[in-house]
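Reading the structure
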Amino acid sequence: MNDHLKLDIEVPANMAGRRLDQVAAELIPDYSRSRLQSWIKGGQLRLNGAPARPRDKLSGGEHLSLRAELEAQGAWRAQPLDLAIVYEDNSLLVINKSTGLVVHPAAGNPDGTLLNGLLHHCPSLQNIPRAGIVHRLDKDTSGLMVIAKTLPAQAHLVNQLKQRTVSRQYDALVQGYITGAGRVDAPVGRNRQNRLKMAVVDFGGKEAITRYRVQRRFPAHTLLRCKLETGRTHQIRVHMAHIRHPLVGDPLYGGRSKLPPGASAALIQALQYFPRQALHAAELALVHPASGEEMHWYAPMPADMLDLLDLLGADSA
């Protein structure tokens, strides 16, 4: 069932001389500017009862009327999926994503994705772009993700991500011995030789900043806590490889496994055959889009990473 929106607003006199889409974005902040522009172009958002253009200049005192229907945003199928729900209310859904779960349908994964499972759990998400998904995790990265259940919540969370008020911290097991905390500030863009990979680039990349601190050291490995200041594709994986400490098990950026001197047969096998990048989204903090309350969630490390840490600890002892 589609949701219907009805809103009437008078433009304040102090907004005279500004564009319609700019004024609409300030007066109707619950929806993104791109969504408001599409409503203006489609005639759902009218100026003094008549169609208008996003770039039309206002004089102040005009009447804005919004009559819109939230329609299904994609032809995705709802499918039952065992979601590990950490928190849920009318605005938000926080899940602990399992390894091996693809977040969004694509050519090679049209079904069985997190998005399909979200639509089954909450059918109204069909009216939200990307079913409310505002940030992603790689298929083989586990941990916390937040999903917006309404358009206002989605716009609020997207803005928080832009303003960097969402805190995302990851457990990352990397190759090599790291002595202390650090910060990687290196732009990330598409790898020119391999379009499936990202890379630190000199030109054309997007700003990317990762902070890290040491949680635990082993002879040839270090467990880090990484905090994202930006959220680029594969950011932690690329940055750790860039400083020559790639993630254990990373199939794209990891290279050959480094084995500690005198490692046991069990540890050698575990390191060489670890089935994924050893990366887990452990902590998530944000401002609730409806209440304004600061909220925080924690997801314990999954069993495969804990088992590997136990082996590393036993061998180093």
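Shown above is the structure to which this text applies.
Residues numbered from 1 in each chain as written. Predicted model: local features only at pLDDT ≥ 70, side-chain atom pairs only at ≥ 80, totals over all residues. Heavy atoms only, no water.

1. With respect to the overall build of the protein chain
For the protein chain, the helix and strand inventory stands at seven helices and 14 strands. Counting only C-alpha atoms and orienting by the principal axes, one finds that the protein chain spans roughly 80 × 45 × 40 Å. In the protein chain, buried positions account for 48% of the 317 residues. When the accessible surface of the protein chain is totalled, it reaches about 15,700 Å², and 47% of it is carbon and sulfur. Looking at the protein chain, you have 38 positive and 29 negative side-chain charges, and the mean spots of the two groups are 8 Å apart. (Helix = DSSP H or I, 4+ residues; strand = E, 2+ residues; numbered from the N terminus. Buried < 20%, exposed > 50% of the residue type's maximum accessible area, 1.4 Å probe, protein only. Areas by Shrake-Rupley, 256 points an atom, 1.4 Å probe, with all protein chains shown as cover. Lys, Arg positive; Asp, Glu negative; His and termini not counted. Charge placed at Lys NZ, Arg CZ, Asp CG, Glu CD.)

2. Considering the environment of Leu 157
Of note, Leu 157 is situated in helix 4 (residues 151–163). As for Leu 157 and His 135, which are separated by 22 residues in sequence, their C-alpha atoms are 9.5 Å apart. Setting aside anything within four residues of it in sequence, one finds Leu 157 in contact with Leu 92, Val 134, Val 146, Ala 148 and Leu 286. (Contact = heavy atoms within 4.5 Å.)

3. Thoughts on the packing of aromatic side chains
We describe a pair of aromatic rings using the distance from one ring centre to the other and the angle between the two ring planes. Scanning the entire structure with this criterion turns up one aromatic pair. For the ring pair Tyr 87 and Trp 297, a centre distance of 5.5 Å and an interplane angle of 50 degrees mean the geometry is tilted. Residue Tyr 87 is found in strand 4 (residues 85–88), and its partner Trp 297 is found in strand 14 (residues 294–298); the two are separated by 210 residues along the sequence. (Phe/Tyr/Trp six-rings, centres within 6.5 Å; stacked < 30°, edge-to-face > 60°.)

4. Comments concerning the packing of helix 1 (residues 20–27) against helix 2 (residues 33–42)
Interaxial distance between helix 1 and helix 2 falls to 9 Å at its minimum, and their mutual angle equals 125 degrees. If you check the angle between helix 1 and helix 2, you find them oblique. You can see that helix 1 and helix 2 cross each other, and the crossing is right-handed. Between helix 1, through Leu 20, Asp 21, Gln 22, Ala 24 and Ala 25, and helix 2, the contact on the second element is made entirely by Arg 33, Leu 36, Gln 37 and Ile 40. (Axes fitted to C-alpha atoms, helices over the stretch in contact; angles between N-to-C directions. Parallel < 35°, antiparallel > 145°, perpendicular 65-115°, else oblique. Left-handed = near helix turned anticlockwise from the far one by under 90°.)

Coordinates in, geometry out; function isn't part of it.
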